[in-house]
Amino acid sequence: MRAFVITIPNHAESNQAANRCIESHFRLHSSTTLANFFTIEKYDAVTPDETATVMMENGISWNYPWDKVEHDIKSGLTKSPYNTTNRDAKVACALSHYKLWKFCAEIESPILILEHDAFFTKKLRMDITENNYSIIGINDPRGATRRSQDFYDKVMLHREAVANCPYIDSINVPQGLAGNSAYIIKKEGAEKMLELVKEHGLWPNDALMCKQLVGSTKLGVTTDFYTRVQGTRSTTTQ
């Protein structure tokens, strides 16, 4: 399995966080047998000044509100604006994930996608992909998402290695992985995400990758968590 940590080029904080992510992985996995070992590659994030070009090249457009809540008729979901003073940075983040979805679909093999603030806390079990989930979150929800304790408590009710991603809010609110900062995506999951972008336009990656659109039996979370967020300063909300 190939693994990528999305890193903003020439951005000191992003590169420092990505280095910590890679180091935490190596510290835990360096003694792993060669058959199960994987390296993490830095993946150049789309930068704010590149968003218009990347969207044009891929024939996609942004379709998420900035200023007020909207009811999306096609999906039936409520789209609430994210707190950001740098809109292009939010779009750039979504496009970085989008490009990795495209890559996954092209190579037809699972990949691990990490944002630069992910940090490994436990050795990753390679057999967690041996199920029918097409996208699997591996991140500890505590401190990483809204209603994180509710998310954690519902996941802890399960005994299996991977469980359905829980609902923690009203059914019309997009709900998905905790922070969307560490997840394994398979070929079918990547193809589904590309279809959703084509159908609904580009949304923030954590909103589009939700139970309601991906499918409640296709979006899973591990019940033993392997990463956490570092708590670094956000590069998309400031």
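Above this text sits the structure in question.
As a starting point, this report considers the structure included with it. All figures in this text were calculated on a predicted structure; none of them were measured in a lab.

Moving on, we come to the packing of aromatic side chains. Evaluated as defined, the whole model comprises six aromatic pairs. Geometrically, the ring pair formed by W62 and W66 is stacked, given 5.2 Å between the ring centres and 10 degrees between the ring planes. The buried category is assigned to W62, whose relative accessible area is 18%. A network of ring pairs unites the aromatic residues F4, Y43 and F103 as a single cluster. One residue, K211, lies across the ring of Y167, its end atom 4.4 Å from the ring centre.

So, on to the packing of helix α2 (residues 51-58) against helix α3 (residues 87-107). The interhelical angle for the contact between α2 and α3, taken along N-to-C directions, is 40 degrees, at an axis separation of 10 Å. When the axes of α2 and α3 are compared, the crossing they make is left-handed. On α3, the residues touching T51, V54, M55 and N58 of α2 are D88, V91, A92, L95, Y98, K99 and K102. Of the residues contributing to the contact of α2 with α3, the split by class is six nonpolar, two polar and three charged.

With that settled, consider the pairing of strand β9 (residues 182-185). Here β9 shows a buried face lined by A182 and I184 and a second buried face lined by Y183 and I185. By the bridge criterion, four bridges tie strand β5 (residues 111-115) to β9 in an arrangement that is antiparallel. Residue pairing for β9: I111 is matched across the bridge by I185.

This next bit is on the pairing of β5. One face of the sheet, then the other: side chains in a regular strand alternate in exactly this way. Buried residues dominate β5, accounting for five of its five residues. Side chains of β5 alternate between two faces, with I111, I113 and E115 and L112 and L114 buried alike. Inspection of the sheet shows strand β1 (residues 2-7) paired to β5 by five bridges, in the parallel sense. The residue bridging R2 from the neighbouring strand is I111, located in β5.

Our focus in this paragraph is the pattern of salt bridges. This model, assessed by the stated rule, comprises nine salt bridges. Between R87 and D67 there is a salt bridge whose closest N-O contact spans 2.8 Å. Note that R87 is positioned in helix α3 and D67 in the loop between α2 and β3 (70-71), a separation of 20 residues in sequence. By relative accessible area, D67 is classed as exposed at 65%. R125 is the salt-bridge partner of D127, the closest N and O atoms lying 3.0 Å from each other.

A few words on the nonpolar core. One recurring pattern in soluble globular proteins: nonpolar side chains tend to sit buried together. Among the nonpolar cores identified, the biggest contains 47 residues, and W101, I135, I185, M193, L202 and M209 are the most heavily contacted of them. For this core, the element with the highest residue contribution is α3, accounting for nine residues. With sequence-adjacent residues up to four places away left out, M209 is seen in contact with W101, I135, G176, L177, N180, Y183, I185, M193, V214 and L219. L112, I136, I138 and Y226 belong to the second largest nonpolar core, which has 20 residues in total.

With that out of the way, let us pick up helix α5 (residues 187-200). Here α5 spans 20 Å end to end across 14 residues, near enough to the 20 Å set by a 1.5 Å rise per residue. When α5 is considered as a whole, its buried residues turn out to be G189, A190, M193, L196, V197 and H200. Taken down its axis, α5 places every buried residue within 120 degrees of arc, on the same side. Positive backbone phi, at 85 degrees, marks G201, one or two positions downstream of α5.

As summarised here, the arrangement of the seven strands in space is β2-β1-β5-β9-β7-β10-β8, forming an open sheet in which the pairing is mixed. Every other strand in the sheet has two partners, leaving β2 (40-44) and β8 (162-164) as the edge strands with one partner each. Neighbour-to-neighbour, the strand axes of the sheet open up by a mean angle of 30 degrees, direction not taken into account. Along the sheet, α3 contacts β1, β2, β5 and β9; its crossing angle with β5, the most-contacted strand, is approximately 170 degrees. The strands touched by α5 are β7 (135-137) and β9; relative to β9, the strand with the most contacts, the crossing angle is about 100 degrees.

Calculation rules
Residues numbered from 1 in each chain as written. Predicted model: local features only at pLDDT ≥ 70, side-chain atom pairs only at ≥ 80, totals over all residues. Heavy atoms only, no water. Phe/Tyr/Trp six-rings, centres within 6.5 Å; stacked < 30°, edge-to-face > 60°. Buried < 20%, exposed > 50% of the residue type's maximum accessible area, 1.4 Å probe, protein only. Lys NZ or Arg CZ within 6 Å of the ring centre and 35° of its normal. Axes fitted to C-alpha atoms, helices over the stretch in contact; angles between N-to-C directions. Helix = DSSP H or I, 4+ residues; strand = E, 2+ residues; numbered from the N terminus. Left-handed = near helix turned anticlockwise from the far one by under 90°. Contact = heavy atoms within 4.5 Å. Nonpolar A, V, L, I, M, F, W, Y, C, P; charged D, E, K, R; others polar. Pairing = 2+ DSSP bridges. Salt bridge = Lys/Arg side-chain N within 4 Å of Asp/Glu carboxyl O. Core = buried A, V, L, I, M, F, W, Y, C linked by side-chain atoms within 4.5 Å. Expected span 1.5 Å × (residues − 1). Arc of directions from axis to C-beta.

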